[in-house]
Amino acid sequence: MDSGELAAVIATGGVSHPSGSPLYLLVGALVAVIPLGSLIVRLNALSAVCAAVSVALTFAVFGLISRQLQGVNAITRQRGSRPPRRRPQGPSPAADRLLSAPWPVAGAIAAALAWMTNRALWGTATVTEVYALHALLFSLLTALLVLYAQTGGEARNRALALASLVTGLGLSNYPPLGLFAPAVLFLLLRVEGRAFWTRWRRNLAMLALIAIGLLPYALLPIRASADPLINWGNPSNWRNFWAHVSGQQYQVFIGGPQWSALGRLLSLWGAQWPAIIALFMPLGLWALWRARRTWFWFTLLIALANLLYAMTYDVSDVAGAPSDLNTYLLPLFWVSALWIGAGVALAAGRVGALGSWRVPVSALAFGALALLPLLALPANWEEDDRRAYTYADDYARGILNAVAPNALMLAPDWTFVSPAWYLQLGEGVRPDVTVLDGELLRHSWYFSVVRQRAPWLYDAVGESITAYLRELSKYENNEPYDGNVITQKYVAMLNNFIAAGLAQGHPPYILVNEDSKAIDPARMAALAQQLGRPPYMTIGVAPDAVGRGLQWAPETPAFRLYNDRAPHPLPPAQIPSRPFSVLAHYDDITRSVIRRYAEFWRWRGDALRGAQDCFEARAAYQQALNLAANLPEARAGLNACQSP
């Protein structure tokens, strides 16, 4: 959903939504200068490369810790024996014989393949987002921490120094990397004990390196001071900067643990791999417990912290989008891939050590178990095959190309606004169209965008904007405010926008967010029937408050507004008609776009039927039913047109 916005920010040197992700913006700016394909293709390729490097690092991480696992096979070969309570000072003779065995390699291959075929990583590797870079950085951080734990002297200090720098860079890309903190602190204390607290000079150096890694955040106020086209939160002063990087806008979604969400999170976790692969996770945890409890607790702390974070961060738009929620659980899925690798290493070692058929069984066990995670390829292919997923682009491009010249579009719909920003600012598609996000108009920083993109509108509605911002500032500055007054000023401003567009030759359009119907479908359907048009839905605003008394014409999925009741012939519908049937699996965005297209054809059918053109109306209703067979309004309209 945020891909278009991130690409537009990179194209214009702006500031993205909280927490800003300045490291991603810097890396994206470097990718933007590569003269290959469009910017969005290059940024998608960046995600693929980051995910691939993360897979390679996963192989390396498992290889570094796998020496601790070999003793488990040696111990468990002796029936009835129990491992010693303390780890031996050196490997046992049996474990020493296994040092050259291929079983740790089988586990490393399995861990890397399990991560490669993980549904969440695969999905984020094919879109413009910060999460693939996040996966690369936490994989690299863990590899450096494992080196720190397994080396000594200067090599240990160098590994810790690099890990500190990577921590800062990781926080500059995606602050939830901080969820690794309990596991990292546990590892430091496990390796050094109480001596860790006495090494204050080195620890101060660690903090300094983390601070150096955080320096990309300085990019945000520098860019904001230049008043870019997208200046989310305007972090040009300390107050705005801290509110932005701390995600203050989203802190309302953070509360106590929602235990009711645990079942859903566990369900998403179980859906990442087929059961035959996931079953190796508990075996791998057992192997870590028996062989090296440091890595057992380290990985388990990462998993538990990630689960707790997902349970306390309740975002309504994510609640309906498992593919988005998956990205919040990437660290959990990554340590799960390590557990799968550990389970495979243990199982392969046990099978390979069987009696007289050692050689053939060894080869079979190595190949079959190491490559077992590849079974997830066909299982997850439907979910993550994105070759035909162009519908967000089609949706935004189709609407932009269909509206009248110099149009003014009010669109409280991020599914449209985000890709439209990229198309307009990154590819120069219909720059004459003024697109205003009805939800972002609830934030004062957004009016710098309005002023730059539509100075004619800002000048025409200046008094209304000033009156609204005066009330809004009370809310934003934690002063006493009246929510009803803010809403009244907000609605008055939107209607003044529409009036200014009608008066100054900027045809106004409203793109209704059909997802809002999920709030109360029956009530919304009844209200739409009463109004004869879709209700304008946004938080706290009456559905008929915006565009009241105007004629809404379904010329495109965005309704054109007229200030008269004279008939206005509908132009031919200019929207993409790519066959949705080519997809084996519909993701959330695709389903959303299909629903919007179906609603558009339904309203177009109603308008044509009202104009006594039942021939065209029937065609429109049929288009709606082709996209949404269970749309009752389209079925009723088709039946009405077919009646004598």
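Residues numbered from 1 in each chain as written. Predicted model: local features only at pLDDT ≥ 70, side-chain atom pairs only at ≥ 80, totals over all residues. Heavy atoms only, no water.

Trainee: How do you make sense of the overall build of the protein chain when you look at a structure like this?
Mentor: Scanning the protein chain for helices and strands turns up 33 helices and five strands. Put simply, the protein chain shows about 28300 Å² of open surface, and 61% of that area lies on carbon and sulfur atoms. (Helix = DSSP H or I, 4+ residues; strand = E, 2+ residues; numbered from the N terminus. Areas by Shrake-Rupley, 256 points an atom, 1.4 Å probe, with all protein chains shown as cover.)

Trainee: Can you help me understand the sheet that holds strand β2 (residues 434-436) in this one?
Mentor: Backbone-to-backbone hydrogen bonds join strands into a sheet, with any given pair of strands oriented parallel or antiparallel. Pairing within the open sheet is mixed, and its five strands lie in the order β2-β1-β3-β5-β4. Edge positions in the open sheet fall to β2 and β4 (551-553), since each of these has one partner strand only. Neighbouring strand axes in the sheet, compared pairwise and without regard to direction, differ in orientation by 30° on average. Alignment of β4 against strand β5 (residues 559-562), held across three bridges, turns out to be antiparallel. In the sheet register, Trp552 faces β5, and the bridge partner there is Leu561. (Pairing = 2+ DSSP bridges. Axes fitted to C-alpha atoms, helices over the stretch in contact; angles between N-to-C directions.)

Trainee: Sorry, what's going on with the pattern of salt bridges here?
Mentor: Two side chains of opposite charge can pair, provided their charged atoms sit close to one another. Tallied over the full model, the rule gives 14 salt bridges. Here Glu427 and Arg397 are joined by a salt bridge, their closest N and O atoms 3.2 Å apart. Of this pair, Glu427 sits in the loop between α25 (414-426) and β2 while Arg397 sits in helix α24 (residues 391-402), and the two are 30 residues apart along the sequence. According to the relative accessible area criterion, Glu427 is partly exposed, its value standing at 34%. Across the pair Arg560 and Glu555 runs a salt bridge, and its minimum N-O distance is 4.0 Å. Glu555 gets classed as buried once you look at its relative accessible area, which sits at 6%. (Salt bridge = Lys/Arg side-chain N within 4 Å of Asp/Glu carboxyl O. Buried < 20%, exposed > 50% of the residue type's maximum accessible area, 1.4 Å probe, protein only.)

Trainee: Teacher, can you tell me more about helix α31 (residues 588-610) here?
Mentor: Helix length check: α31, at 23 residues, gives a terminal C-alpha distance of 33 Å against a target of 33 Å (1.5 Å per residue), a fit within 8%. Backbone geometry just downstream of α31 places Gln612 in the positive-phi region, at approximately 65°. (Expected span 1.5 Å × (residues − 1).)

Trainee: Where do I start with the nonpolar core in this structure?
Mentor: With 180 residues, the main nonpolar core has Trp115, Phe416, Leu441, Leu457 and Phe497 as its most contacted residues. With residues up to four places along the chain from it excluded, the contact list for Trp115 reads Ser54, Val55, Thr58, Leu121, Ala135, Phe138, Leu330, Phe333, Trp334 and Ala337. With six residues, the next largest nonpolar core counts Val15, Tyr217, Leu220 and Phe241 among its residues. (Core = buried A, V, L, I, M, F, W, Y, C linked by side-chain atoms within 4.5 Å. Contact = heavy atoms within 4.5 Å.)

Trainee: Which parts of the structure should I look at to understand unusual backbone geometry?
Mentor: Leaving glycine out, the prevailing phi sign among residues is negative, and the prevailing peptide bond configuration is trans. Cis geometry is found at the peptide bond from Pro18 to Ser19, where omega equals 10°. On the secondary structure map, Ser19 appears in the loop between α1 (3-12) and α2 (22-32). Even without being glycine, Asp227 reaches a positive phi, approximately 55°. Relative to the helices and strands, Asp227 resides in the loop between α13 (219-225) and α14 (238-245). Given a relative accessible area of 28%, Asp227 falls into the partly exposed group. Here the phi dihedral of Gln612 falls at roughly 65°; this positive angle occurs in a residue that is not glycine. Structurally, Gln612 can be placed in the loop between α31 and α32 (614-627).

Trainee: Would you explain the confidence of the model for the protein chain in this entry?
Mentor: The predicted structure's coordinates, where accompanied by low pLDDT, should not be read in detail. Predicted confidence across the protein chain gives a mean pLDDT of 85, with 86% of residues reaching 70 or more. Contacts from residues 71-100, a stretch scored under 50 in pLDDT, to residues over four places away or in other chains number 34 contacts. Below a pLDDT of 50 lies the segment residues 315-322, which in the model reaches 13 contacts outside its immediate sequence neighbourhood of four places, other chains included. (pLDDT = per-residue confidence, 0-100.)

Trainee: Even after reading the chapter, I still don't get the packing of aromatic side chains, so can you show me in this structure?
Mentor: Aromatic ring pairs are defined here through the distance separating the ring centres and the angle between the ring planes. Evaluated as defined, the whole model comprises 27 aromatic pairs. When the centroid spacing of 6.2 Å and the interplanar angle of 20° are considered together, the rings of Trp238 and Trp242 count as stacked. Separated by four residues within a single helix, Trp238 and Trp242 lie in helix α14, roughly one turn from each other. The interplanar angle of 55° and the centroid separation of 5.2 Å between the aromatic rings of Phe600 and Trp601 together place this pair among those described as tilted. The same class applies to Phe600 as to Trp601, namely buried. One aromatic cluster is present, built from ring pairs that chain together Trp232, Trp414, Trp421, Trp445 and Tyr446. Sitting over the ring of Tyr148, Arg156 keeps its end group 5.3 Å from the ring centre. Positioned over the ring face of Tyr490 is Arg442, at 4.5 Å from the centre of the ring. (Phe/Tyr/Trp six-rings, centres within 6.5 Å; stacked < 30°, edge-to-face > 60°. Lys NZ or Arg CZ within 6 Å of the ring centre and 35° of its normal.)

Trainee: Any chance you could explain the packing of α2 against helix α9 (residues 153-173) here in plain terms?
Mentor: Packed helices, taken two at a time, are described by their axes: the angle between them and the distance between them. Two elements in contact, α2 and α9, have axes whose closest approach is 5 Å; the angle formed by their N-to-C orientations is 85°. For the element pair α2 / α9, the angle class is roughly perpendicular. On α9, the residues touching Pro22, Leu23 and Tyr24 of α2 are Leu169, Ser172 and Asn173. Among the residues forming the contact of α2 with α9, the class breakdown is four nonpolar, two polar and no charged. (Parallel < 35°, antiparallel > 145°, perpendicular 65-115°, else oblique. Nonpolar A, V, L, I, M, F, W, Y, C, P; charged D, E, K, R; others polar.)

Trainee: Just to check I follow, could you spell out helix α8 (residues 131-150) for this structure?
Mentor: For the α-helix, the turn length of 3.6 residues means that residues three or four positions removed from each other point alike. Given a rise of 1.5 Å per residue, 20 residues ought to cover 28 Å, and the 29 Å separating the end C-alpha atoms of α8 matches this to within 8%. Among the 20 residues in α8, 17 count as buried, and that is most of the element.

Trainee: Can you walk me through the side chain of Ser47 in this structure?
Mentor: With respect to the helices and strands, the residue Ser47 is situated in helix α3 (residues 39-65). Residue Ser47 is classed as buried on the basis of its relative accessible area of 1%.

Trainee: In this structure, what is going on with a nonpolar patch on the surface? I would like to understand it.
Mentor: Together, Val33, Ile34 and Leu36 give the surface a local cluster of nonpolar side chains, amounting to about 300 Å² of exposed area. Note on placement: Leu36 falls in the loop between α2 and α3. (Patch = residues over 30% accessible without salt bridge, like charges linked within 9 Å, V, L, I, M, F, W, Y side chains within 5 Å.)

Trainee: Whenever I open this one, the packing of helix α10 (residues 181-192) against helix α18 (residues 293-312) confuses me. Can you help?
Mentor: At their nearest, the axes of α10 and α18 sit 8 Å apart, and the two run at 160° to each other. The pairing of α10 with α18 is recorded here as roughly antiparallel in orientation. Regarding α10 and α18, the two cross each other, and that crossing is right-handed. Between α10 and α18, the residues in contact are Pro182, Ala183, Val184, Phe186, Leu187 and Arg190 and Arg293, Thr294, Trp295, Trp297, Phe298, Leu301 and Ile302, respectively. (Left-handed = near helix turned anticlockwise from the far one by under 90°.)

Trainee: Looking at this structure, how should I read the environment of Tyr536?
Mentor: Within the fold, Tyr536 resides in the loop between α30 (521-531) and β4. Overall, the relative accessible area of 1% leaves Tyr536 in the buried class. C-alpha of Tyr536 to C-alpha of Val546: the two residues are ten residues apart in sequence and 6.5 Å apart in space. Setting aside its immediate chain neighbours within four residues, Tyr536 contacts Leu410, Pro412, Gly438, Tyr490, Leu494, Ile510, Ala542, Pro543, Val546 and Trp552.

Trainee: Before we go on, may I ask you to explain the environment of Asn513 in this structure?
Mentor: Inspection of the secondary structure puts Asn513 in the loop between β3 (508-510) and α30. Judged by relative accessible area, Asn513 falls into the buried class, the value being 19%. Sequence separation of Asn513 and Asp413 is 100 residues, and the distance between their C-alpha atoms is 5.3 Å. Leaving out residues up to four positions away in the same chain, Asn513 has contacts with Pro412, Asp413 and Arg596.

Trainee: Even after reading the chapter, I still don't get the environment of Asn326, so can you show me in this structure?
Mentor: Inspection of the secondary structure assignment puts Asn326 in helix α20 (residues 322-328). A relative accessible area of 5% means that Asn326 is categorised as buried. On a C-alpha basis, the gap between Asn326 and Trp269 in space is 8.3 Å, while along the polypeptide they are 57 residues apart. Discounting residues that sit within four places of it in the chain, Asn326 has contacts with Ala120, Leu268, Gln272 and Phe333. Looking at Asn326, its side chain comes within polar contact range of the side chain of Gln272, at 3.3 Å. (Polar contact = N/O pair within 3.5 Å; in protein donor to acceptor, adjacent residues only side chain to side chain.)

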